[in-house]
Structure formats: C-alpha cells, structure tokens
Amino acid sequence: QPVNYDVPGKKDKLPSVPTKKEILTLLSYVQDVRIGFSIFVGCFQGLRIGEIISLKWGNVNLKEGEFVVKDGKNPRRKKTGDGKDRLVVINKMFLHIWQAWRSMNPEEEYVIPDVSYNGKRAPHTTLIRRFQKRLLVYLNKADLCAVESVQKNGVKRYKYHFHSFRHVCGTNLRRSGMKIEDVRDFLG
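Notes on the structure follow. (Residues numbered from 1 in each chain as written. Predicted model: local features only at pLDDT ≥ 70, side-chain atom pairs only at ≥ 80, totals over all residues. Heavy atoms only, no water.)

1. Quick notes on the environment of Tyr110
Looking at the secondary structure, you find Tyr110 in the loop between helix 5 (92–104) and helix 6 (124–141). Linking Tyr110 and Arg121, residues 11 residues apart in sequence, is a C-alpha distance of 9.8 Å. (Helix = DSSP H or I, 4+ residues; strand = E, 2+ residues; numbered from the N terminus.)

Here you go:
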C-alpha cells in the first residue's frame, strides 16, 4: 500500500522542516538567548530538546570539540536501567560559538542555565514545557505558528516545534551526501 504523505497527523507523514529563511526570521524575534542557543544546537547538532536541557558542561569537551549525550531517549535511566549514550562531534566552524556560550555561563553546571524553581533547577519535563511555550510565542511573532493538525483530544499540533530543528540537522546531513544510516547514528 503506498504511503500517503499528505494526511495531517499520520506517523508516516514527512516532517515539516523550516527553511533557512524561516529560521533566520524566527531568530530575529527570539529574545531569550537560551532559546536561541537551543535552536542552534537543534539545527547543527541534531539534539532533542530534552537532550539539550539535560546536557551538562561536564560532558562537553571543548578542547576535543565533542560532547556526550547521556540517556538520549530516556532521561529516567536511573529508575529504569535503560538508556543510550552517544558521542556528538562539534563541527570546527561552530566551536567558537560553544566557547563563547561557555564563557557567558562559566559557573553553570548545565549548558542551558535555568531560572530558579524554588531554589533548585526545575524538573526536566517542566523545563521542556517552558521552552516549548516560549518557542511558540516566538513562532507566533514570526508568523510561523501554523497549525498542522488537531489531535482527537482537541490539542493543536503546530507545523514547527523544537523537534523541527532536529529535522533541519538530519535533512542537511542527508543533502550533503551522508548515508541515511550515518545520519541515523549521528542523531542517535
């Protein structure tokens, strides 16, 4: 049976990938540098928003230009005993951006610093929701907040979200000639 890529909300539908122009337009509205850096990491390193928020400076080696993503698909590894780690190489042309970001946050444990949550770092899912809500505000300002579909429970599914930047990375790697298996491995 042929795959229908035009039906909204279907799992076999190709993801929406923002263009360079759309990303630049979006970034012109972003006022929170943490959101801007998260977009950068999504587009050029292919990380999921949960991986970006969880990334600690202790797992980043700026001298070698690489970092380790711990528990990429399972932030609750300690409870379940299940999770995957992967090594991600930082392209040399972006290393100076990572170094500048580090110098802006020299005392932080996490790559993406958090505003205090009762004196502690906010829970993982709370941070993800906060970042998604802030991104939605910026997408709206940039006139990029198109609704792609509506779920059965009435929740809107937008054309672009944080995971879209991961798709930008994968798409660009594939367009540059990288084998699909290597793209898969890079993205974890």
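Moving on from the model shown.
2. Thoughts on unusual backbone geometry
Positive phi, normally seen in glycine, also occurs at Asp143, with a value near 60 degrees. Turning to its location among the elements, Asp143 is positioned in the loop between helix 6 and strand 4 (147–150). Given a relative accessible area of 70%, Asp143 falls into the exposed group. (Buried < 20%, exposed > 50% of the residue type's maximum accessible area, 1.4 Å probe, protein only.)

3. Examining the pairing of strand 3 (residues 86–89)
By the alternation rule, side chains of strand 3 split into Arg86 and Val88, which are all buried, and Leu87 and Val89, of which none is buried. Sheet analysis places strand 2 (residues 66–69) next to strand 3, joined by 4 bridges and oriented antiparallel. Opposite Val68, over in strand 3, you have Leu87 as the bridge partner. (Pairing = 2+ DSSP bridges.)

4. Some details on the pattern of salt bridges
For the structure shown, the criterion picks out 7 salt bridges. With a shortest N-O distance of 3.0 Å, Glu51 and Arg86 are connected by a salt bridge. With Glu51 in helix 3 (residues 49–54) and Arg86 in strand 3, this pair connects stretches of sequence that are 35 residues apart. There is no split in this pair, since Glu51 and Arg86 are both buried. Where Asp85 meets Lys70, a salt bridge forms, and the shortest distance between an N and an O atom there is 3.9 Å. (Salt bridge = Lys/Arg side-chain N within 4 Å of Asp/Glu carboxyl O.)

5. Description of the pairing of strand 2
The side-chain alternation of strand 2 yields one buried face, formed by Phe67 and Val69, and one unburied face, formed by Glu66 and Val68. Where strand 1 (residues 60–61) folds back on strand 2, the antiparallel hairpin that results is connected by 4 residues, among which Gly65 adopts a positive phi of roughly 70 degrees.

6. A closer look at the packing of helix 2 (residues 33–45) against helix 7 (residues 162–175)
At a closest axis distance of 6 Å, the pairing of helix 2 and helix 7 adopts a crossing angle of 35 degrees. For the pair helix 2 and helix 7, the contacting residues are Ile35, Ser38, Ile39, Gly42, Cys43, Phe44 and Gln45 in the first and Phe162, Phe165, Arg166, Val168 and Cys169 in the second. (Axes fitted to C-alpha atoms, helices over the stretch in contact; angles between N-to-C directions. Contact = heavy atoms within 4.5 Å.)

7. Topic: the sheet that holds strand 3
Within a sheet, adjacent strands bond to each other through the backbone by hydrogen bonds, running parallel or antiparallel. The 3 strands are arranged 1-2-3 in an open sheet whose pairing can be described as antiparallel. The open sheet terminates on both sides in strands that have one partner only, identified here as strand 1 and strand 3.

8. What to know about helix 6
Compared with an ideal rise of 1.5 Å per residue, which puts 18 residues at 26 Å, helix 6 spans 26 Å between its outermost C-alpha atoms and is within 8% of the ideal. Thr126, Leu127, Ile128, Phe131, Leu135, Tyr138 and Leu139 are the residues of helix 6 that are buried. Taken together, the buried residues of helix 6 touch helix 1 (20–29), helix 2, helix 3 and helix 7. Looking one or two places after helix 6, you find Asp143, whose phi comes out positive at around 60 degrees. (Expected span 1.5 Å × (residues − 1).)

9. Some words on the side chain of Asp32
Note that Asp32 resides in the loop between helix 1 and helix 2. A residue is classified by how much of its surface remains accessible, and Asp32, at 14% relative accessible area, is buried. With sequence-adjacent residues up to four places away left out, Asp32 is seen in contact with Arg134 and Tyr138.

10. Brief notes about the environment of Val60
Among the secondary structure elements, Val60 is positioned in strand 1. Look at Val60 and you get buried, because its relative accessible area is 12%. Considering only alpha carbons, one finds Val60 and Ile90, 30 residues apart in sequence, at a separation of 9.7 Å. With residues up to four places along the chain from it excluded, the contact list for Val60 reads Leu55, Glu66, Phe67 and Val111.

11. Examining the packing of helix 2 against helix 6
As a packed pair, helix 2 and helix 6 sit with axes 11 Å apart at the nearest point and diverge in direction by 90 degrees. Taken together, the axes of helix 2 and helix 6 are roughly perpendicular relative to one another. Residues Arg34, Ile35, Ser38 and Ile39 of helix 2 form the contact with helix 6, whose own contacting residues are Phe131, Arg134, Leu135 and Tyr138. Along the lines of polarity and charge, the residues of the contact of helix 2 with helix 6 split into 5 nonpolar, 1 polar and 2 charged. (Parallel < 35°, antiparallel > 145°, perpendicular 65-115°, else oblique. Nonpolar A, V, L, I, M, F, W, Y, C, P; charged D, E, K, R; others polar.)

None of the figures reported here should be taken as evidence of function without further support.
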